[in-house]
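Understanding the architecture of this molecule
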Amino acid sequence: QLPLLLFALLFLMYGLPALRNRPFHEDVKSDINNCSHSWFWNILHLNNLVTTNRCMDWTWYIANDFQFYLLSPFFVWVLVKSFSVGALVMGGTVVASIVSTSILYSYYGLHMSLAKDVDDNYFTKFYIKPYCRITPYLMGILFQYLYQEAKKGEDEDKSPLLKRIKEFITKREWGKYVFYLAGLGIMYISMHVIYFFDNYPNYHQALATLYEITFRPAFIFGVSLILYPPIIGCGETLVDFLGHPAFGSLGRVTYGVYLLNPIVIYFTVGYSVTGHFTGHSWMLFAWCTLILLSYISSYVVTCLIECPAVFALKSCLDSIRKPYEKVKESELKVD
């Protein structure tokens, strides 16, 4: 992650201003000035915890992902040692996350709505914090663990419920479609309930809090329902579709798109000295153009920066590992 992140930071601070011959929009200027003072928090993956002079706001998720990655070996180890204890530990962490989310949401009087101007506290005090975001990540760890157990045929030993679910899917031709539809329905509802808050702005604070602590786990649960039938061998068509090489090719440059897309927007849309009439046709054209430019930029930067950096790191690790491998081989020959 680091080479592309460092490039994006440097380009935003020095490359983008050098390519401009007109004043920046105030938001863009503020982001560039903040990065000159706090870029190191992004490199350390702590920018979601330090919210003064925020730099590249959209990279908050990288910090969350890195922090969760550091914690994940512990949760996986506990699950492997004891499924029941691991589930209990993860459940306790989820409860702590829900409690902290509820307290923050209620204390700051936050709201979740597309129509209202979102308070800055919503982003800095709640939205980017790891303790408010860890629940979906833990659900992903648990689902991946069950996925590995299903591949080995040992998932039925973990829970009688999993055995009945597998029988429901495998013994009925339409069983997998029930899971597909249920998963899609849960995902759709979890993402679109927010429109309720626009239509009924005088909602109770408790209702907004309940939505915040449930819609992300609900979305992940919906995704899990869709993926489970292919995992146990009952969704060949979906496996062929999701496993198409085109998705793999796009996936290799997606991280670069994530980093560079806002910068591309800064350079293109922010470059205009006049306003835009944001009709449907213009928005569609702008969206397609920005996505295309972001993927092209990401492909170039990935080839020129990330690939050489990964190759150099791999070569360095191989040179360190080879002497130890030779020693092990000599020990085996002696034995």
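Owing to the predicted nature of the structure, the values given are computational and were not obtained by experimental measurement. (Residues numbered from 1 in each chain as written. Predicted model: local features only at pLDDT ≥ 70, side-chain atom pairs only at ≥ 80, totals over all residues. Heavy atoms only, no water.)

Description of the packing of aromatic side chains
The cut-off we apply is this: Aromatic pairing here means that ring centres of Phe, Tyr or Trp (its six-membered ring) are within 6.5 Å. Orientation follows from the plane angle: under 30 degrees is stacked, over 60 is edge-to-face, and everything else is tilted. Each residue's exposure class comes from its accessible area (1.4 Å probe, protein chains only) as a fraction of the maximum for that residue type: buried when under 20%, exposed when over 50%, partly exposed otherwise. Think of it this way: any DSSP run of H or I at least four residues long counts as a helix, any run of E at least two long counts as a strand, and we number them from the N terminus. Note on criteria: charge over ring means Lys NZ or Arg CZ within 6 Å of the ring centre, with the direction from the centre no more than 35 degrees off the ring normal.
Applying the stated rule across the entire model yields 20 aromatic pairs. Relative to Tyr61, the ring of Trp60 has its centre 5.8 Å away and its plane inclined at 90°; by these criteria the two rings are edge-to-face. For Trp60, a relative accessible area of 11% gives the class buried. Residue class for Tyr61 comes out partly exposed when judged on its relative accessible area of 42%. Taking the centre distance of 5.4 Å and the plane angle of 50° together, the rings of Tyr122 and Phe126 count as tilted. Taken together, the residues span about one helical turn, with Tyr122 and Phe126 both in helix α5 (residues 120–127) at a distance of four residues. Across the pair, exposure class does not vary: Tyr122 and Phe126 are buried alike. Three or more aromatic residues joined by ring pairs make a cluster, and in this case those are Trp60, Tyr61, Tyr105, Tyr122, Phe123, Phe126 and Tyr127. Stacked on the ring of Tyr127, the Lys or Arg Arg133 has its end atom at 4.3 Å from the ring centre.

A short note on the environment of Tyr255
Heads up, the condition is: Throughout, a residue-residue contact means that at least one pair of heavy atoms, one from each residue, lies within 4.5 Å.
By secondary structure assignment, the location of Tyr255 is in helix α13 (residues 245–268). Note: C-alpha distance between Tyr255 and Gln1 (254 residues apart in sequence) is 8.2 Å. Apart from residues no more than four positions distant in its own chain, Tyr255 is found in contact with Gln1, Leu4, Leu5, Ile62 and Glu306.

Here's the deal with the pattern of salt bridges
For the record, the criterion: Throughout this description, the term salt bridge denotes a Lys or Arg side-chain nitrogen within 4 Å of a carboxyl oxygen of Asp or Glu.
Within this structure, the stated rule accounts for two salt bridges. The salt bridge partner of Arg216 is Glu212, with a shortest N-O separation of 3.2 Å. Taken together, the residues Arg216 and Glu212, both in helix α11 (residues 205–231) and four residues apart, mark about one turn of the helix. Residue Glu212 is classed as buried on the basis of its relative accessible area, which comes to 3%.

Digging into the state of the cysteines
Applicable threshold: When two cysteine sulfur atoms lie within 2.5 Å, the pair is treated as a disulfide.
Throughout the structure, instances matching the rule amount to one disulfide. Between the sulfur of Cys35 and that of Cys55 lies a disulfide, 2.0 Å long from S to S. Of note, the bridge from Cys35 to Cys55 carries an S-S torsion of about 95° and is right-handed in sense. On the criterion of sequence distance, the pair formed by Cys35 in helix α2 (residues 26–43) and Cys55 in the loop between α2 and α3 (60–81) is long-range, its members being 20 residues apart. Residue class for Cys35 comes out buried when judged on its relative accessible area of 0%.

Looking at α3
To keep it simple, the criterion reads: By definition here, a helix of n residues has an expected span of 1.5 Å times n minus one. Bend, in this description, refers to the angle at a residue between axes fitted to the seven residues ending there and the seven starting there.
The first and last C-alpha atoms of α3 sit 33 Å apart over 22 residues, in line with the 32 Å expected at 1.5 Å per residue. Leu71 marks the point of greatest bend in α3, at about 35°, and the proline Pro73 comes within the next four residues. Along α3, the residues classified as buried are Trp60, Ile62, Ala63, Asn64, Gln67, Phe68, Ser72, Phe75, Val78 and Leu79.

Comments concerning the nonpolar core
Here is the rule we go by: Nonpolar core, defined: a set of buried Ala, Val, Leu, Ile, Met, Phe, Trp, Tyr and Cys residues in which side-chain atoms within 4.5 Å join the residues together.
In terms of nonpolar packing, the biggest core is built from 20 residues, with Leu9, Leu12, Cys35, Met56, Leu259 and Ile263 touching the most fellow members. If you list the elements that add at least two residues to this core, you get α1 (2–19), α2 and α13. Tallying contributions element by element places α1 first for this core, with seven residues. In contact with Leu9, other than residues within four places in its own chain, are Cys35, Trp39, Asn42, Ile43, Cys55 and Met56.

Observations concerning the packing of helix α4 (residues 83–107) against α11
Using the following cut-off: Only the contacting stretch of a helix is used when fitting its axis, a line to C-alpha atoms as for every element, and angles between N-to-C directions run 0 to 180 degrees. Handedness of a helix crossing follows the sense of rotation of the near helix relative to the far helix, less than a right angle counterclockwise being left-handed and clockwise being right-handed. Ten residue types, Ala, Val, Leu, Ile, Met, Phe, Trp, Tyr, Cys and Pro, are classed as nonpolar, four, Asp, Glu, Lys and Arg, as charged, and the remainder, Gly among them, as polar.
Running from N to C, α4 and α11 point in directions that differ by 145°, and their axes come no closer than 10 Å. Note that α4 runs across α11; the crossing there is right-handed. When α4 is examined against α11, the residues Ile98, Thr101, Ser102, Tyr105 and Ser106 are found in contact with a partner set consisting of Gln205, Ala208, Thr209, Glu212 and Ile213. Taken together, the residues of the contact of α4 with α11 sort by class into four nonpolar, five polar and one charged.

A few points about a nonpolar patch on the surface
Applied cut-off: Think of a patch as exposed residues, more than 30% relative accessible area, with no salt bridge, where like charges cluster within 9 Å and nonpolar side chains (Val, Leu, Ile, Met, Phe, Trp, Tyr) cluster within 5 Å. Computed with a 1.4 Å probe, the accessible areas rest on the Shrake-Rupley method; for each residue, only the protein chains presented here act as cover.
Together, Leu292, Ile296, Tyr299, Val300 and Leu304 make up a nonpolar patch on the protein surface, roughly 530 Å² of accessible area in all. Structurally, the position occupied by Leu304 is in helix α14 (residues 280–334).

A word on α13
Because the α-helix completes a turn every 3.6 residues, residues three or four places apart line up on one side. Along α13, the sharpest change in direction is near 40° and occurs at Val253. Regarding α13, the residues found buried are Val253, Tyr255, Gly256, Val257, Leu259, Leu260, Asn261, Pro262, Ile263, Val264 and Tyr266.

Description of unusual backbone geometry
The residue His45 is not glycine, and still its phi comes out positive at about 60°. Take His45: it is sitting in the loop between α2 and α3. Under the relative-accessibility criterion, His45 is labelled buried at 7%. One non-glycine residue, Met56, adopts positive backbone phi at about 50°. Inspection of the secondary structure assignment puts Met56 in the loop between α2 and α3.

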